[in-house]
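Summary of structural features
Okay, here's what each chain looks like letter by letter:
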Amino acid sequence: MNKVLCDVAIIGGGPAGLAAAVAAKEEGAKKVLILERDNALGGILQQCIHPGFGLTRFGEELTGPEYYGRFVEKAKKSGVEYMLNSMVLQVNHEASEVICASSEYGLTAVKAGSIVLAMGCRERTRAGIMVPGTRPAGLYTAGSAQRLINRQNIMVGKKVVILGSGDIGMIMARRMTLEGAKVVMVVELMDYLAGLTRNRVQCLDDFGIPLKLAHTITRIEGNERVTGVWVAPVDEKKQPLSDKAEFVECDTVLFSVGLLPENELTRKAGIKINPVTNGPEVNQYMQTSAPSVFACGNVVHVNDLVDNVSEESATAGKYAAQYAMGKLQGEQKTVNCVTGRNVRYLCPHKVDANQKNGKVTLYFRVLHPEEGVRLVAKCGGDIIASHKEFRVNPGEMNHITIETDKITSDSVTVEVEKAGE
Amino acid sequence: MKKEIICTVCPRGCHIQVEGEGDNVISVEGNACKRGFTYASAEFSHPVRILTTTVKIKGASHDLLPVRSQSPLPKEKLFECMDIIRGAEATLPVKCGDVIIPDIASTGINIVATKNID
Amino acid sequence: MMLKTDVVVIGAGAVGSAVARELSKYNVDVIVVEKNEDVGGDASKSNSAIIHTGYDAAPGTLESQLVVAANPMYDDLVKDLDVPFSRIGAILPAITDEQFEKLPEIKAKAFKNHVYDVEYKSGKELLEMEPNLNPEVKGGLWIPRESIIDPFILVQALCENAHDNGVRFLLNTKVVDIKTEKGKIKSVVTTGEEIETTYVINCAGLYCDEIAEMVGKAEYKVVARKGQFFILDKNTSCQVEHIVLPIPTKVTKGKLMCPTIHGNMLVGPTAEDQDSKVDKSTSAEGLQSITNDVKNLVPGVNVRDTITQYSGLRPNRNPEGLNFDMWDDLEGYVNLSGVRSTGLTLSVSMGKYVVEQLLNHGAGFKLKDNFIKKRRGIVKFSECTIEEQDALIRENPLYGNVICRCETITEAEILDAIHRPLGARSVDAVKRRVRAGMGRCQGGFCGPKVIEILARELGVSPTEINKNNDGSYMVTGSTR
């Protein structure tokens, strides 16, 4: 078996892995090695050829390839090493070892001072949301279709219905239209748009694509290729009103119905997973329940902006490097982050209160949309941080920054308050 | 002519009413901030969009080169531009930012590569 | 051009495949005609994947005889043909007093079927064996030889082995007529070539009544009985280690929960009679009824962890019952009908039975001395040890290229699936051979790659790659 030693091993060469690698190098780690299953670095951004990336980080609007291109350049300049076409099969954190398979290098055991999980996420499927009907060809997740169209030069269909008004769904509506397909409609279960308004304007309205809010696909028809779907409105409990279902002819259905952190390796390694985010529990160093293993990006929780992923991943890379160099091994005082009113989850899930002068940004999502609110972090009854927001909604991540020195009890609660209260 | 424009400058998404004649804006209502005013006026008279797509690579059947318009294109020209791009071919090697199609559809705007391919 | 053979087997489902393989032990020429693009049939590829003991069959029937005979045959068969199989055993818990009172009757029936290893277990014992069982359980039966199998590989293996022993397979070929002459079979007319033959064995399952009609033996009608199923993620929170069966009713064995041979959980099926032989859709109501019923057995079952739902059609018949028919006025014709939920199990004993009957009726088949008993399966990279994996990649670097991330399926395995006898030609055929796309992302990740590999290996454009049968094209063209 091929054996490799490195300071920091990073699983995944997408935006998270790249940012972590660059940061680990900057922190002083000597050998940083990315293990990437694809034939190139960049991860999912390779197929995200549309603009909209980098506004926060670079102050300009970049396409996916331009965004990751900048990180690849930095990584190569700083001497980050990488193995392509290499699929990680196992993470053994006790042995601080990662096993991966590769045609080029054979089966490889990578021994590392620390490991960073940056595997990203995968798409929820038609079966995952239990859409009844037949199982014909022509049903794709939006991301699979995007890969085929943007990377493999393959067109998936001519007449399309899209389920889900998340950004990927809407971006694929525009993409399919530009490539000559007819997008019949975008169907959204909720009574509000799941993605950004700008995408509704530029991807749907620009091309006259109807958006059916508070509707869902109740049945798929067709034995060989899909011939159409039944689309019905839903009541307040999201139950379809089947008697009002309408048949919509199409040869393709794209499902853009959510992303799930990809944690097969994490689970197998016995690392603690948070049931709400479906990702590993981490502290402000992005350190998991296995001290030598760090995690970042969509493998921890699904982000809306890659800019956030890069930032969070840089944190993971920095501390993974420190860990590998024998720092960050002092005693931690672990404080739990607790979700309060209208907060669905918090990330990081834990904070080490022993960090001196630490500033920790807690990212979170709300449960339901709300206007005129104040975001508050409390510790032992005291407010330790707060700020106003005009509007919060589940589709957009919020954050609040706390100072570790202000932590006085064993938990920090974050909640959304009505601003007037 | 009256037109409702959904502002995309920030997530607030104001529904802005713009009234005007031809390219001339007469009134703008419903915007919460100045940026909304600018956006809505421009969107009323000259809506523009960044176009992103792919270009065939000479000699390769699978690989595609991702490209973009260097700056936003007139919205009404998007399909015309797509027709031109469909017929184009890029020759390797390509660097991110290389001009693949200059002055597309006489807009003065170049279609450029968004990725390095050796 | 007219093809010539001794025996035409209609249908490459479990029964047709087993019949063909049994015949391939003899010095007869056999052609299998299959309307689908792949072997594996219809009902044979969408069922509960259980090898039954026959404990609950109607005693004294052909079905009882064949199921009871079949079960022990699997020990050797799965070794010879390299088919994933496990004797995990079934438990039949009585949750209500009414069900508890039925147990003696069920046990007595098992004994009448010569299934003597059925045992009583107390509620406590059952809960120890199966902690996620309904804690109300009063007691129940333990049926140790009820087993699980990979039904796709079983049929593929039977066919590949039959193929290795000289059986010809005509796929994508539908029988349109059967010609007889003077009370004897003469030929089979297909959408491909016409086949002159001495024997026809109707193993057409759902369509066996239509075949029977071609020779004027339409004495029954096939009634498709739909069964809907859930497959749950390997990580699902609530799992079982055995087949957990409900106390059967007259209509069906009921809705069960069991592990699949690959470690998922299977939950179902419904039993819904319908006119259509093609409608294999799932319905919200059907799926809901599965959840409701199985919760009685395993209250914690979490169908939200489903990775797929499917339905299969059991080729039930009216009048009911498994039937083997030959007629004096139609020499050379064998008709099998009413092969239902026990069909997968009894396929192998049915193979033997059919051949015995033909021999008894004067067929002069002689055993070959060069019969190849064994089939080489596809190496499963994911089940190998690290050392074995290392060796595999050294020998063939394509084992290092993982295509399906959920199930860890490599390019080498996919190429083996494509290039072996009766190899995969479609995305589903690849999936059924090596499980690429059968995991939790359902081909989201590997699907695009599998299309590319199939197109490359078969030397066709991706637009010619189907999901399964003609018309199920995956993609429509190139973008540039």
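Criteria and thresholds
Residues numbered from 1 in each chain as written. Chains lettered and ligands numbered in written order. Predicted model: local features only at pLDDT ≥ 70, side-chain atom pairs only at ≥ 80, totals over all residues. Helix = DSSP H or I, 4+ residues; strand = E, 2+ residues; numbered from the N terminus. Rg over C-alpha atoms; globule rule 2.2 N^0.38 Å. Contact = placed C-beta atoms within 7 Å. Buried ≥ 20, exposed ≤ 12 C-beta atoms within 10 Å, placed from the backbone. Nonpolar A, V, L, I, M, F, W, Y, C, P; charged D, E, K, R; others polar. Pairing = 2+ DSSP bridges. Expected span 1.5 Å × (residues − 1). Arc of directions from axis to C-beta. Domains from an automatic or database assignment. Core = buried A, V, L, I, M, F, W, Y, C linked by C-beta atoms within 7 Å. Axes fitted to C-alpha atoms, helices over the stretch in contact; angles between N-to-C directions. Left-handed = near helix turned anticlockwise from the far one by under 90°. Bend = angle between axes of the 7 residues up to and from the residue. Parallel < 35°, antiparallel > 145°, perpendicular 65-115°, else oblique. pLDDT = per-residue confidence, 0-100.

Description of the overall build of chain B
Helix and strand counts for chain B come out as two helices and ten strands. The secondary structure elements of chain B, listed N-terminal to C-terminal, are β-β-β-α-β-β-β-β-α-β-β-β. Against the 2.2 N^0.38 benchmark of 13 Å for 118 residues, chain B shows a C-alpha radius of gyration of 18 Å, more extended than a compact globule. Viewed in the frame of its principal axes, chain B has a C-alpha envelope of about 55 × 30 × 20 Å. Here the analysis covers contacts within chain B between residues at least 6 apart in sequence; of these, 42% occur between residues at least 24 apart.

Description of the overall build of chain C
For chain C, the count of helices and strands is twelve helices and 24 strands. Taking 23 Å as the expected radius of gyration for a compact globule of 480 residues, we find that chain C reaches 23 Å, a close match to that expectation. Its C-alpha atoms put chain C at 65 × 60 × 45 Å along the principal axes. Each of the 480 residues in chain C was classed as buried or not, and the buried ones make up 57%. At a minimum sequence separation of 6, the contacts of chain C that also span at least 24 residues come to 72%.

Some words on the interface of chain A and chain C
Taken together, the contact between chain A and chain C spans 40 residues of the former and 46 residues of the latter. A per-element tally of the side of chain A that touches chain C places helix α4 (residues 142–151) of chain A first, with five residues. Here the residues of the side of chain A that touches chain C are counted per class, giving 16 nonpolar, 14 polar and ten charged.

Structural notes on the environment of Glu387 of chain C
With respect to the secondary-structure elements, Glu387 of chain C resides in helix α9 (residues 386–395). Judged by the 10 C-beta atoms lying within 10 Å of it, Glu387 of chain C is exposed.

Details of the pairing of strand β2 (residues 15–21) of chain B
All names here are of chain B. Note: strand β1 (residues 2–6) against β2, five bridges, orientation antiparallel. Counted as the bridge partner of Lys3 is Val18 from β2. In the sheet, β2 pairs with strand β3 (residues 24–29) via five bridges, with the strands oriented antiparallel. Residue pairing in the sheet places Gly20 in a bridge with Val25 of β3. Here β2 hands over to β3 after two residues, with Gly22 in that stretch at a positive phi of 55°.

Quick notes on helix α7 (residues 284–297) of chain C
All names here are of chain C. With 14 residues, α7 should reach 20 Å at 1.5 Å per residue; the first-to-last C-alpha distance of 21 Å fits that figure. Among the residues making up α7, those that are buried are Gly286, Leu287, Ile290, Val294 and Leu297. Burial along α7 is one-sided: seen end-on, the buried residues are contained in an arc of 95°. Residues of α7 that are exposed and point over 90 degrees away from its buried face: Glu285 and Asn292.

A word on the domain arrangement of chain B
Here chain B is partitioned into domain 1 (2–46) and domain 2 (52–113). Here the C-alpha centroids of domain 1 of chain B and domain 2 of chain B sit 30 Å apart.

Comments concerning the domain arrangement of chain C
All names here are of chain C. Considered domain by domain, chain C is made up of domain 1 (2–45 + 151–220 + 320–360), domain 2 (83–149 + 223–312) and domain 3 (381–464). Placing the centre of domain 1 and that of domain 2 at their C-alpha centroids yields a distance of 31 Å. With eight residues of domain 1 in contact, the opposing surface of domain 2 contributes seven residues. Looking at side-chain class alone, the side of domain 1 that touches domain 2 contains seven nonpolar, one polar and no charged residues.

Some points on the nonpolar core
If you look at the biggest cluster of nonpolar residues, it comprises 166 residues, and the most contacted ones within it are Val8, Ile10, Ala20 and Val116 of chain A. Once residues lying within four places of it in the same chain are set aside, the contact partners of Ile10 of chain A are Gly17, Ala20, Ala21, Val32, Leu33, Ile34, Leu35, Val116 and Ala118 of chain A. Among the nonpolar cores identified, the runner-up in size contains 118 residues, and Val298, Leu344, Tyr353 and Leu422 of chain C belong to it.

Examining unusual backbone geometry
Cys347 of chain A connects to Pro348 of chain A through a cis peptide bond whose omega is 0°. Tracing the backbone shows Pro348 of chain A in the loop between β21 (345–347) and β22 (350–352). The linkage connecting Leu92 of chain B with the following residue, Pro93 of chain B, adopts the cis geometry, with an omega of -5°. As for its placement among the helices and strands, Pro93 of chain B is situated in the loop between β8 (89–90) and β9 (99–101). Located in the positive-phi region is Asn278 of chain A, a residue other than glycine, with phi close to 60°. Take Asn278 of chain A: it is sitting in the loop between α7 (264–268) and β19 (293–295).

Structural notes on the packing of helix α1 (residues 14–23) of chain C against helix α8 (residues 343–360) of chain C
Residues and elements named next belong to chain C. As a packed pair, α1 and α8 sit with axes 8 Å apart at the nearest point and diverge in direction by 35°. Regarding α1 and α8, the two cross each other, and that crossing is right-handed. Contacts between α1 and α8 involve Ala14, Val15, Ala18, Val19, Arg21, Glu22 and Leu23 on the former and, on the latter, Gly343, Leu344, Ser347, Val348, Met350, Gly351, Lys352, Val354 and Val355. Among the residues making up the contact of α1 with α8, the classes are represented as ten nonpolar, three polar and three charged.

Here's the deal with the sheet that holds strand β16 (residues 246–249) of chain A
All names here are of chain A. In space, the three strands of this open sheet follow the order β14-β15-β16, with antiparallel pairing throughout. Strands at the two margins of the open sheet, each flanked by one partner only, are β14 (215–221) and β16. In this sheet, neighbouring strand axes are inclined to one another by 35° on average, regardless of whether the strands run parallel or antiparallel. Looking at chain direction, β14 and strand β15 (residues 228–233) are connected through six bridges and run antiparallel.

Here's the deal with the sheet that holds strand β27 (residues 411–418) of chain A
Residue and element names in this part refer to chain A. Here we have five strands laid out as an open sheet, ordered β22-β20-β27-β24-β25, and mixed in their pairing. Either end of the sheet is taken by a strand with one partner, and the two such strands are β22 and β25 (382–392). On average, each strand axis in the sheet is tilted by 25° relative to the strand beside it, whichever way the strands run.

Quick word on helix α3 (residues 97–112) of chain C
Residues and elements named next belong to chain C. Taking 1.5 Å per residue as the helical rise, α3 with its 16 residues ought to reach 22 Å, and the 24 Å between its terminal C-alpha atoms agrees with that figure. Largest kink in α3: about 30°, centred on Leu103, with the proline Pro104 one to four residues after it. Backbone geometry just after α3 places His114 at a positive phi near 65°.

Here's the deal with the packing of helix α10 (residues 411–419) of chain C against helix α12 (residues 447–458) of chain C
All names here are of chain C. Contact geometry of α10 with α12 gives a least axis separation of 11 Å together with a crossing angle of 50°. By the angle between their directions, the pair α10 and α12 is classed as oblique. Two packed elements cross with a definite hand, and for α10 against α12 that hand is right-handed. Between α10 and α12, the residues in contact are Glu411, Ile414, Leu415 and Ile418 and Val450, Ile453, Leu454 and Glu457, respectively. Looking at the contact of α10 with α12 residue by residue, the classes come out as six nonpolar, no polar and two charged.

Digging into the pairing of β25 of chain A
All names here are of chain A. Note that strand β24 (residues 370–379) and β25 share nine bridges and pair antiparallel. Along β25, the bridge assignment pairs Glu370 with Val392. Linking two consecutive strands that pair antiparallel, namely β24 and β25, is a turn of two residues; a positive phi of about 55° is found at Gly380 within it.

Side note on the environment of Gly28 of chain A
Residues and elements named next belong to chain A. In this structure, Gly28 sits in the loop between α1 (15–26) and β2 (32–35). You can call Gly28 partly exposed: it has 13 C-beta atoms within 10 Å. Residues Gly28 and Val226, 198 residues apart in the sequence, show an inter-C-alpha distance of 54 Å. Those residues within four positions of Gly28 in sequence are excluded, and the remaining contacts are Ala321 and Met325.

A closer look at the confidence of the model for chain C
For chain C, per-residue confidence averages 96 on the pLDDT scale, and residues scoring 70 or more make up 99% of the total. Across the interface, the model reports ipTM at 0.94; the global pTM reads 0.95.

A closer look at the environment of Asn92 of chain A
Tracing the backbone shows Asn92 of chain A in strand β6 (residues 86–92). As a C-alpha pair, Asn92 of chain A and Ser103 of chain A span eleven residues in sequence and 22 Å in three-dimensional space.

A few points about the confidence of the model for chain B
Taken as a whole, chain B shows an average pLDDT of 92; of its residues, 98% reach a score of 70 or greater. Predicted confidence in chain B is weakest over β1 of chain B, with a mean pLDDT of 88, and strongest over strand β10 (residues 111–113) of chain B, with 98.

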